[in-house]
Amino acid sequence: MDVVLRTASPEDAPAIGEIFSASWKTAYAGMVPQEYLDGLNADHWIPRLRKDLAEGKLQASILLENGVPAGAVGYGKSRDEKLADWGEIVCIYIHPGYFRRGYGARLLREAVKNLRQAGRRDCFLWVLAENENAQEFYTAMGLQKTQDLTHSELMGKQLTEIRYILKEK
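Calculation rules
- Residues numbered from 1 in each chain as written.
- Predicted model: local features only at pLDDT ≥ 70, side-chain atom pairs only at ≥ 80, totals over all residues.
- Heavy atoms only, no water.
- Core = buried A, V, L, I, M, F, W, Y, C linked by side-chain atoms within 4.5 Å.
- Buried < 20%, exposed > 50% of the residue type's maximum accessible area, 1.4 Å probe, protein only.
- Helix = DSSP H or I, 4+ residues; strand = E, 2+ residues; numbered from the N terminus.
- Contact = heavy atoms within 4.5 Å.
- Pairing = 2+ DSSP bridges.
- Axes fitted to C-alpha atoms, helices over the stretch in contact; angles between N-to-C directions.
- 1 Å grid on protein atoms, 1.4 Å probe; cavity = no way out; pocket = protein on both sides within 12 Å on 5 of 7 lines; lining within 4 Å.
- Points joined across faces, edges and corners; volume = space filled by probe spheres on them.
- Nonpolar A, V, L, I, M, F, W, Y, C, P; charged D, E, K, R; others polar.
- Right-handed = clockwise from strand over helix to strand, strands pointing away.
- Phe/Tyr/Trp six-rings, centres within 6.5 Å; stacked < 30°, edge-to-face > 60°.

A. Spatial organisation of the nonpolar core. In terms of nonpolar packing, the biggest core is built from 27 residues, with Ile16, Phe20, Trp24, Tyr28, Val32, Leu49 and Tyr93 touching the most fellow members. For this core, the elements supplying multiple residues, two or more each, are α1 (13-27), α2 (34-39), α3 (46-55), β2 (59-65) and β4 (87-94). Element by element, the count of residues in this core is highest for α1, at five residues. Ignoring sequence-local partners within four residues, the contact set of Trp24 consists of Ala29, Val32, Tyr36, Leu37, Leu40, Trp45 and Tyr93. Counting 23 residues, the second-largest nonpolar core is a separate cluster that includes Ile92, Leu108, Val127 and Leu143.

Shown next, in the form of structure tokens:
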């Protein structure tokens, strides 16, 4: 099996959008309104990904297994003014056909490495409060759960996210 992890470019936006769409439909079932998930497709993310990658607002890495896009992680400078010097892992998704192969760990380590090389020693990410699988994964990867919460609404459903942090040792 040939696994390649490389920096993503704006041209990778369709592949990354497909990974995100498929992952959301599986990972967030029962947490996000089903009507929203049913309407998702790769096109939802492509314009924003292309723009943010081209403008450097987001960096990303894509993982390919035998040439097929299997996972992606997006990261960059913190969007939170309270943690302005930090790095932020904005999104990390694995296509459901590639779950449980260690790809999430590889993508997370790649993002942290790249953030630190860019001078962002500490980093954080947000996790849906209902997403126990993701919380267990991030805890196992050494991130620490905080008391920081953010709230949003999606199609009438209140969503709560919890901040997880990783500080340089």
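B. Quick peek at the sheet that holds β2. With respect to topology, seven strands assemble into an open sheet ordered β1-β2-β3-β4-β5-β7-β6, the strand pairing being mixed. Of all strands in the sheet, those with a lone pairing partner are β1 (3-7) and β6 (144-154), marking the two edges. Taking each pair of neighbouring strands and ignoring which way they run, the sheet shows an average axis angle of 25 degrees. The sheet contact formed by β6 and strand β7 (residues 157-166) spans eight bridges and is antiparallel. What sits directly across from Leu149, in β7, is Ile162. Contacting β1, β2, β3 (68-77), β4, β5 (123-128) and β7, helix α4 (residues 103-117) crosses the sheet at an angle of about 160 degrees to β4.

C. Main features of unusual backbone geometry. Unlike most non-glycine residues, Asn66 shows phi in positive territory, near 50 degrees. By secondary structure assignment, the location of Asn66 is in the loop between β2 and β3.

D. Representation of the layout of surface pockets within the structure. Size it by volume and the largest pocket reaches roughly 1700 Å³. Surrounding the largest pocket, 49 residues form its lining, Tyr28, Val90, Cys91, Ile92 and Tyr93 being those nearest its centre. Ranked by residue count, the leading element in the lining of the largest pocket is β4, at seven residues. Partitioned by chemical class, the residues of the lining of the largest pocket number 29 nonpolar, 10 polar and 10 charged.

E. Highlighting the pairing of β4. Taken across its eight residues, β4 has seven buried, putting it largely inside the fold. Alignment of β3 against β4, held across seven bridges, turns out to be antiparallel. Paired with Tyr75 across the strands is Ile89, a residue of β4. Sheet analysis places β4 next to β5, joined by two bridges and oriented parallel. Bridge pairing links Glu88 to Phe124 in β5. In this fold, the crossover linking β4 to β5 by way of α4 has right-handed handedness.

F. Representation of the pairing of β7 within the structure. Sheet topology note: the β5/β7 ladder contains six bridges and is antiparallel. Residue pairing across strands places Phe124 opposite Ile165, the latter belonging to β7. Connecting the antiparallel pair β6 and β7 is a turn made up of two residues, with Met155 showing a positive phi of about 50 degrees.

G. Quick peek at the packing of aromatic side chains. Taken as a whole and judged by the stated rule, the model has 11 aromatic pairs. Aromatic pair Phe20 and Trp45: ring centres 5.7 Å apart, planes at 90 degrees, arrangement edge-to-face. In this pair, Phe20 sits in helix α1 while Trp45 sits in the loop between α2 and α3, placing the two residues 25 residues apart along the sequence. An identical accessibility class is assigned to Phe20 and Trp45; each is buried. Ring geometry for Phe20 and Tyr93: centres 5.0 Å apart, planes at 65 degrees, overall edge-to-face. Of this pair, Phe20 sits in helix α1 while Tyr93 sits in strand β4; the two residues are 73 residues apart in sequence, bridging distant segments of the chain. Taken individually, Phe20 and Tyr93 each receive the classification buried, so the pair is uniform in this respect.

The values are spatial; any link to function lies outside them.
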